[in-house]
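Here is what each chain is made of, one letter per residue.
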Amino acid sequence: AEEEKAKGNFVGELKPFLRGINTDLNTPLALAIMSAIFVEFWGISALGLGTYGSKFFNFGGIFRGLRHLSLGEMFQGVIDAFVGFLEFISETVRLVSFTFRLFGNMFAGEVVILMFTFLFPLILTLPFYALEILVGIMQAFIFAALTLVFGMMAVAHGSPHPEEAEATGHAPEAAQT
């Protein structure tokens, strides 16, 4: 290739004319990081740092079991701590999932357009540009919907609602009076 360049020949560099911004891995990663920061901020502002953090770092059962010298409570505490670790892993994996879902779908569309541009004249390729606009709109909707779902999961607290608590007999003292 270098020999051909030295001779002055054009050596197949492809410079796309219309390239989607989401076909570069940095943009979907930045959007995923922004989404994660939003979800964590929403969870912390709604529940408080201690309550929201206890979703990930829940060692109270272990200490309660040690204080009561109860093997059952300690075992439950270990399970709670492990579930918190899994919650933390799921939060970090969400970044990878968001990034590669958006990047993969947009990059695949770009490859399809490139292949059809190579195989057919430009007129037959134009419908695929329209299809990519539709795919972009769908991806934006899915990204926003998933961010909203994860945000709602972040602000949901593990304690039952007062109506559910009364039905199960675990009503708070204020509701029992």
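Residues numbered from 1 in each chain as written. Predicted model: local features only at pLDDT ≥ 70, side-chain atom pairs only at ≥ 80, totals over all residues. Heavy atoms only, no water.

Peer 1: Give me the lowdown on the side chain of Glu-91, citing residues and values where you can.
Peer 2: Secondary-structure assignment places Glu-91 in helix H5 (residues 71-119). Glu-91 has contacts with Glu-40, Tyr-52, Lys-55 and Phe-56, leaving out every residue within four places of it along the chain. (Helix = DSSP H or I, 4+ residues; strand = E, 2+ residues; numbered from the N terminus. Contact = heavy atoms within 4.5 Å.)

Peer 1: I'd like to hear about the packing of helix H2 (residues 26-47) against helix H6 (residues 122-155), residue by residue, with values.
Peer 2: At their nearest, the axes of H2 and H6 sit 8 Å apart, and the two run at 25° to each other. Here H2 lies roughly parallel to H6, going by the angle between them. The handedness of the crossing between H2 and H6 is right-handed. For the pair H2 and H6, contact is made by Leu-31, Ala-32, Ser-35, Phe-38, Val-39, Trp-42, Gly-43, Ala-46 and Leu-47 and by Phe-143, Thr-147, Leu-148, Phe-150, Gly-151, Met-152, Ala-154 and Val-155, respectively. A breakdown of the residues in the contact of H2 with H6 according to their chemical character gives 13 nonpolar, four polar and no charged. (Axes fitted to C-alpha atoms, helices over the stretch in contact; angles between N-to-C directions. Parallel < 35°, antiparallel > 145°, perpendicular 65-115°, else oblique. Left-handed = near helix turned anticlockwise from the far one by under 90°. Nonpolar A, V, L, I, M, F, W, Y, C, P; charged D, E, K, R; others polar.)

Peer 1: Account for the pattern of salt bridges, with residues named and values stated.
Peer 2: What the rule picks out here adds up to two salt bridges. Measuring nitrogen to oxygen at the nearest pair gives 3.8 Å for the salt bridge that ties Lys-55 to Glu-91. Here Lys-55, found in the loop between helix H3 (49-53) and helix H4 (60-68), pairs with Glu-91, found in helix H5; they are 36 residues apart in sequence, far enough to count as distant. Given a relative accessible area of 23%, Lys-55 falls into the partly exposed group. Judged by its relative accessible area of 11%, Glu-91 falls in the buried class. The structure contains a network of salt bridges with shared partners spanning Lys-55, Glu-91 and Arg-94. (Salt bridge = Lys/Arg side-chain N within 4 Å of Asp/Glu carboxyl O. Buried < 20%, exposed > 50% of the residue type's maximum accessible area, 1.4 Å probe, protein only.)

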